[in-house]
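# A look at the structure
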Amino acid sequence: MNAMRIALCDDEKGQLMLFRRGVEDWAQKRGRSVKIEEFDSAQAFWFVWSEDKSFDLLVLDIRMPGMDGMELARKIRASDSWISIIFATSLREYVYEGYNLDAINYLVKPVEPGKLEECLDRAQGRMEERRSEGAGIVLPVQDGIWRIPVRRICRVEAEGRGCILYMEGETLKVHKGIGEMEELLREYSFVRCHRSFLVPVKRIRKIGTGKLLLDDGSETPVGRSLQDAVNRAFVREFVQGEKAQWDT
């Protein structure tokens, strides 16, 4: 199992030590692997996170000099929904805003070990759920930048200068054109079947005359000039893939 990457952010060295001890105790009890990094200010974490968004969890104090924890969390949520956040502070008045920022929980100092462990269990569960969704792409949407699990995308349709992503249970408008999406999704075996549509080859269930039947029951048009390319992609994905399984 991959290590859970955890950032601890607090301007008090003693509190950072307590957080680290609590996380390490939790990891030992649960048999988990963790990688812990400490930051003594919101600015310090922001500087690192801006270049490296692979953190799974941020344990964050609110009241700090300069940029406070709430401001940091708002900046993070403007471009990332992946990282889990646990607020830990003595300022109870921020509790509701913390939940609006999709925080795992709001812990009041001094933090009870049992409460911290409950939050870490939830963060671990969220991390495993998101990692099980597989590869993700980062896309600009109306309210920020979001990480989208590729496996959830059923089809992509051009709309104006952007695109609509039809996903399992929801749709999302992204600020990228169909050509840009084609390049971005090419390595994930998406095929351009029409000037306005992209589909993942694995979701094609039937190639008909001028249309495709996808595994969610929807139909997508196929342009005449793209029919051969769709057929070849389908054969490569399924016929050759099945042959490889029989040959092993």
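With that out of the way, let us pick up the pattern of salt bridges. One pass over the full model with this rule turns up 17 salt bridges. Two residues, D61 and K109, come together in a salt bridge whose shortest N-O distance is 3.3 Å. Highlighted residues: D61 in the loop between β3 (57-60) and α3 (69-77) and K109 in the loop between β5 (105-108) and α5 (113-132), separated in sequence by 48 residues. It is possible to trace a salt-bridge network through shared partners that takes in R5, E37 and D52.

Our next topic: the nonpolar core. In terms of nonpolar packing, the biggest core is built from 22 residues, with F45, L58, L60, L72 and F87 touching the most fellow members. The element that contributes the greatest number of residues to this core is α3, accounting for four residues. Once residues within four sequence positions are removed from consideration, L60 is found in contact with C9, G69, L72, A73, I85, I86, F87 and A88. With 21 residues, the next largest nonpolar core counts L16, W26, A27 and C119 among its residues.

Quick look at the sheet that holds strand β14 (residues 211-214) now. Judged by pairing direction, the sheet is antiparallel, and its three strands sit side by side in the order β13-β14-β15 without closing on themselves. The two strands at the open ends of the sheet, each matched to only one other strand, are β13 (204-207) and β15 (219-221). Looking at each pair of strands side by side, their axes are set apart by 30° on average, direction ignored. Bridging between β14 and β15 involves three bridges; their strand directions are antiparallel. Residue pairing across strands places L212 opposite T220, the latter belonging to β15.

Below, the discussion takes up the sheet that holds β5. Read across the sheet, five strands follow the order β2-β1-β3-β4-β5 without closing on themselves; strand pairing throughout is parallel. Looking at which strands have only one partner, the edges of the open sheet turn out to be β2 (34-39) and β5. Each neighbouring strand pair of the sheet contributes to a mean axis angle of 20°, computed without reference to strand direction. Across six bridges, strand β1 (residues 4-9) lies against β2 in parallel orientation. Each residue of the ladder has a partner; that of I6, found in β2, is I36. Sitting on the sheet, helix α1 (residues 13-30) is in contact with β1, β2, β3 and β4 (84-89), with an inclination near 175° to β2.

What follows covers α1. With 18 residues, α1 should cover 26 Å at 1.5 Å per step; its first-to-last C-alpha distance of 26 Å lies within 8% of that length. For α1, the complete set of buried residues consists of Q15, L16, F19, G22, V23, W26 and A27. Along α1, the residues classed as buried sweep out an arc of 130° about the axis, all on the same side. Projecting away from the buried face of α1 at angles above 90 degrees are the exposed residues K13, M17, Q28 and K29. In the segment just after α1, G31 is the residue with positive phi, at about 70°.

Let us look at the environment of L72. Within the secondary structure, L72 sits in helix α3. For the pair L72 and Q43, spaced 29 residues apart in sequence, the C-alpha to C-alpha distance is 7.9 Å. Among residues more than four places away in sequence, those in contact with L72 are A42, F45, W46, L58, L60 and M67.

Calculation rules
Residues numbered from 1 in each chain as written. Predicted model: local features only at pLDDT ≥ 70, side-chain atom pairs only at ≥ 80, totals over all residues. Heavy atoms only, no water. Salt bridge = Lys/Arg side-chain N within 4 Å of Asp/Glu carboxyl O. Helix = DSSP H or I, 4+ residues; strand = E, 2+ residues; numbered from the N terminus. Core = buried A, V, L, I, M, F, W, Y, C linked by side-chain atoms within 4.5 Å. Buried < 20%, exposed > 50% of the residue type's maximum accessible area, 1.4 Å probe, protein only. Contact = heavy atoms within 4.5 Å. Pairing = 2+ DSSP bridges. Axes fitted to C-alpha atoms, helices over the stretch in contact; angles between N-to-C directions. Expected span 1.5 Å × (residues − 1). Arc of directions from axis to C-beta.

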